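Topology and contacts: notes
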Amino acid sequence: MSQISSILLVDDDANVRDVFQLVMKHYKLPLVVVNDAEAALDYLTTNTPDVIVLDLFLPGMDGYQALNQIRKRSLARNAKIIATTAYYTQDTEQEIFQRGFDGYLAKPIDSNELIEYLQRVVNETRS
């Protein structure tokens, strides 16, 4: 079982950032938080997180556009990328996986299940 050694959260919602920061601090997991896709792409020029949690609705470049850019970058090519959004329909999860995300977290995020879910996604093999 692979252990998570680094997480990048890309989200402009302060409540989501707070939940992640509290949970990751409790589990002593390194977390980097940025507010938009451009900052995430800058971070990924020199860093390789195991997991990237990416909000779909960000200012500027949206999560789908960011996913495409991230997958092109050699440092982040193997990162597990998990979409998150508060704006979803019954088709959202299917679309997220069709577009190439590795996982999906609906908002509001359940802090009690967050680590277990992230660990499960990290340990899944990409088909």
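Look up: the structure comes first, before these words.
Notes on the structure in this doc start here.

Conventions adopted
- Residues numbered from 1 in each chain as written.
- Predicted model: local features only at pLDDT ≥ 70, side-chain atom pairs only at ≥ 80, totals over all residues.
- Heavy atoms only, no water.
- Helix = DSSP H or I, 4+ residues; strand = E, 2+ residues; numbered from the N terminus.
- Expected span 1.5 Å × (residues − 1).
- Buried < 20%, exposed > 50% of the residue type's maximum accessible area, 1.4 Å probe, protein only.
- Arc of directions from axis to C-beta.
- Contact = heavy atoms within 4.5 Å.
- Polar contact = N/O pair within 3.5 Å; in protein donor to acceptor, adjacent residues only side chain to side chain.

Moving on, we come to helix 1 (residues 14–26). Structural remark: α-helix, 3.6 residues per turn; residues separated by three or four positions point the same way. Its 13 residues place the ends of helix 1 18 Å apart at the C-alpha level, agreeing with the 18 Å of an ideal helix rising 1.5 Å per residue. Along helix 1, the positions that sit buried rather than exposed are Val 16, Arg 17, Phe 20, Val 23 and Met 24. Across the axial projection of helix 1, the buried residues extend over an arc of 140°, all falling on one side. Facing away from the buried side of helix 1 by more than 90 degrees, the exposed set consists of Asn 15, Leu 22, Lys 25 and His 26. Those residues of helix 1 that are buried are in contact with strand 1 (7–10), strand 2 (31–34), strand 3 (51–55), strand 5 (103–106) and helix 5 (114–123). Among the residues of helix 1, the N-terminal cap falls to Asp 13, whose side-chain oxygen and the backbone nitrogen of Asn 15 are separated by 2.8 Å. Positive backbone phi, at 55°, marks Lys 28, one or two positions downstream of helix 1.

Where helix 3 (residues 63–72) is concerned, the buried positions are Gly 63, Tyr 64, Ala 66, Leu 67, Ile 70 and Arg 71. Each buried residue of helix 3 sits inside an arc of 155° when the element is viewed along its axis, so together they form one side. Residues of helix 3 that are buried make contact with helix 2 (37–43), strand 3, strand 4 (80–85) and helix 4 (92–98). The backbone nitrogen of Tyr 64 has a side-chain oxygen 3.0 Å away, supplied by the residue at the start of helix 3, namely Asp 62.

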